[in-house]
Amino acid sequence: MERNGITAENTRRLVVGIDTGGTFTDVIALDWATGRISTAKTPSTPDDQSIGFADGIEAVRVIAGTSGGDFARVLHGTTVETNLILEGKGSPAALLTTAGFRYVLEIGRQEVPRRASL
Amino acid sequence: MCDPVTIEIIRGALRAIQSEMEALIERTAMSPFIREKKDFYAALFDATGQLIAGSNLPLFGDVVGPVTEHYPLDSMRAGDIYWFNDCYASRGAVSHSPDQVLLAPVFADGLLSGFAQSWAHFNDIGGMRPGSLSPDCTDIWQEGIIVPPVRLARDGVVDEALLRLFVRNSRFPTMVRGDMRASMAAIRLGDRRMVELFERFGRGTTCNAFQQLLDESECETRARFRALVPEGEHSFTERIDSDGHGHGPIRLRYRLSVTAERITLDASASDDQVPGPINFLMSPTVPAMVFGAYLLDGSKVMLNSGAERAIDEVILREGSILQPRFPAPLGMRGVTMMRNMAACLGLLNVATGGRAMAAHSAYVIWYMRGTDANGRLFLLSDGLGVGYGARPTADGNDAVYLVAQENFPSEFLDSVFPVSVRAYAINPDTGGPGRWRGGCGLVREVEVLADEAMVSMRIDSVDNPPWGVGGGKAAGAGRCVVNPGRSGERVIKPLSDGNIVRRGDILRIETGGGGGFGHPFDREPERVLDDVLNGFVSRTSAELDYGVVLRPDGRAVDAGATAQQRAKRPLAALFHRGSYQEVLD
């Protein structure tokens, strides 16, 4: 029986979720075999986010008491871009478009979300 | 009795079922009208036909009732599908013929326990012109095939003969067949998911949850209505420009009576039905759904049949624009539906001294038909966004259509139809000036690449632009021009059909905006500057309407000149349309 990519024959049994935030990197690992959940929190490393990512993965591996070979899948999410936009810290950007289409971002699909009110 | 925790799970499950059904329609339908424009909805009902979870579009009525007149509840079986588009037979549950309603009864423990419904606008079901809807229509026979409530499937077996008959009546049979299959698949899915819901929580508990979700909606709508609207008589009159056949303006006259015991809306003084197709066969539940949609903003409470009960009585007059007699044409009823929404908002403003939102334009839709380079019939049906009314706490929405509906992307238009989109932009100065600015309409400019084509146009609120409120001013209006600024420039009538365009013609459609809220002299000069820099407001309007003067380079506010200008503050009134008026007629 397949369950999120884990098969009975598959010995790799750890699913890891990792979220790179502005300050901290949060990691959670689920062991399908035992149902045990392990969590870890490590500092994010804005100069090179891959360092904080690797630190987080290593931290949760130690807490879960497994080897790297047990990892079945890693799901990575981050709020780095969202923070960049919210804090206005990105590089100056420009929209290049043909004449007549200056408002393409404002108009989008001209919709009101399906569950919105009037 | 369903406990509060389980109710929340069922509430979420119902929304999930509805969304899953809608995603299925979107991904499997064939016509651009459904696939791209997304003119479809899904809904779920209890065993008595009460709407539990549906769209936030205040348009529908009793969907199950018309079916039971032909097929009693005790004759229904699992795997059945019922279908209709008959506006008059359904008393406005469907309000123009292209909308196909499909309904599947849902069974649990061998008992009828609910219904799953799909609703979608089909791009062509026959009738006078490709697209079935035309401003030229003068009776409903010209608006395509009429399907009374029929049984499309029995015990899971689809009546192919019925389907073949319907498909044969369309100019685009492949798309219609595909859209029917998408709609059927959606309610089959809804049926299955509802059965799972009943199995998981038990029939009794789930039915009780439905009851509580209805009661909650009624109580919340009623409470919010009472908190906003004082006891007394409140009247409002709204205008529709024209029926496209020389009649207008047409007035909706509403009187809201609120006593300690009763809330009554009397719309019987509205004008008579008209020969053109803007008649709106309105289900009496619609105004309550408008109030509900407005009042339940920001609440988890679902807009369902409970909200309909919050208004005790709605009085309509047979033979009026809101209750036309068969076989009056209904195809362009969207215009009147949108003015009904504005009239309800107008009532709330009168009742509260201007604390609701300002009026919006009716969304614009235009059709272009002809033959393409391969000699095949093409049908372009392009819905265009408009500006919505400014709110007590925010600007109105710029360039949106209506709940959930989307545009045809320019790339799609260019690649599928014989047109080239030259501009798709904000229409400046159409947002009504105010402390909060009304939303702006937009501009769509296309070059015609077919040898010859026929255009139908639907723009309303041109002669009677959407009103502003609480000192806010009216919106700017829309229009359609062929070859603007070139030889052969001509204006296309706002509600008209039979307009011939030829290869190389430029068609420029400008849509109207929403009214403003609050006095424009109270808007922060920086916001006005922003609007000028971004092309939403002109410098002239900034000076005249907002009293904001910019420095010569136009990049900053001239504070001294602005103070001087704003010292000459015009005296406002509750409403504005053309001029400030305490009462609109």
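The paragraphs below set out a description of the structure included in this document. (Residues numbered from 1 in each chain as written. Chains lettered and ligands numbered in written order. Predicted model: local features only at pLDDT ≥ 70, side-chain atom pairs only at ≥ 80, totals over all residues. Heavy atoms only, no water.)

On to the interface of chain A and chain B. Size of an interface: often given as the accessible area lost when the parts come together. On the chain B side, the residues contacting the 18 residues of chain A number 40 residues. In this assembly, chain A packs against chain B so that about 2,500 Å² is buried in total across both faces, 51% of it on carbon and sulfur atoms. Here chain A is connected to chain B by two salt bridges. Glu406(B) is the salt-bridge partner of Arg109(A), the closest N and O atoms lying 3.4 Å from each other. (Contact = heavy atoms within 4.5 Å. Buried area = accessible area lost by both parts, 1.4 Å probe. Salt bridge = Lys/Arg side-chain N within 4 Å of Asp/Glu carboxyl O.)

This part takes up the pattern of salt bridges. All names here are of chain A. Counted under the stated rule, the structure contains 51 salt bridges over all chains. Salt-bridge contacts for Arg 61 lead to Glu 58; the nearest nitrogen and oxygen are separated by 3.0 Å. Residue Arg 61 and its partner Glu 58 are both found in helix α1 (residues 49-64); the two are separated by three residues, about one turn of the helix. (Helix = DSSP H or I, 4+ residues; strand = E, 2+ residues; numbered from the N terminus.)

What follows deals with the sheet that holds strand β23 (residues 579-581) of chain B. All names here are of chain B. Read from one edge of the open sheet, three strands run β17-β22-β23, paired in antiparallel fashion. Lying at the two open borders of the sheet, with one neighbouring strand each, are β17 (468-469) and β23. By the bridge criterion, three bridges tie strand β22 (residues 575-577) to β23 in an arrangement that is antiparallel. From the neighbouring strand, Arg 577 faces β23, where its bridge partner is Ser 579. (Pairing = 2+ DSSP bridges.)

On to the pairing of strand β16 (residues 452-458) of chain B, then. All names here are of chain B. Burial within β16 is extensive, with five of its seven residues counted as buried. Relative to β16, strand β12 (residues 364-371) is paired through six bridges, and the arrangement is antiparallel. Bridge assignment links Gly 370 to a residue of β16, and that residue is Ala 453. For β16 and strand β20 (residues 495-502), the ladder comprises six bridges, and the chain directions are antiparallel. Bridge assignment links Glu 452 to a residue of β20, and that residue is Arg 502. (Buried < 20%, exposed > 50% of the residue type's maximum accessible area, 1.4 Å probe, protein only.)

All names here are of chain B. Tracing the backbone shows Thr 511 in the loop between β21 (506-510) and α11 (525-533). Between the C-alpha atom of Thr 511 and that of Arg 479, which follows or precedes it by 32 residues, the distance is 6.5 Å. If we ignore the near neighbours within four places in the chain, the residues touching Thr 511 are Val 364, Leu 384, Gly 385, Val 386, Asn 427, Thr 430, Gly 441, Leu 442 and Gly 478. In this structure the side chain of Thr 511 is engaged in a polar contact, spanning 2.8 Å, whose partner is the backbone oxygen of Gly 385. (Polar contact = N/O pair within 3.5 Å; in protein donor to acceptor, adjacent residues only side chain to side chain.)

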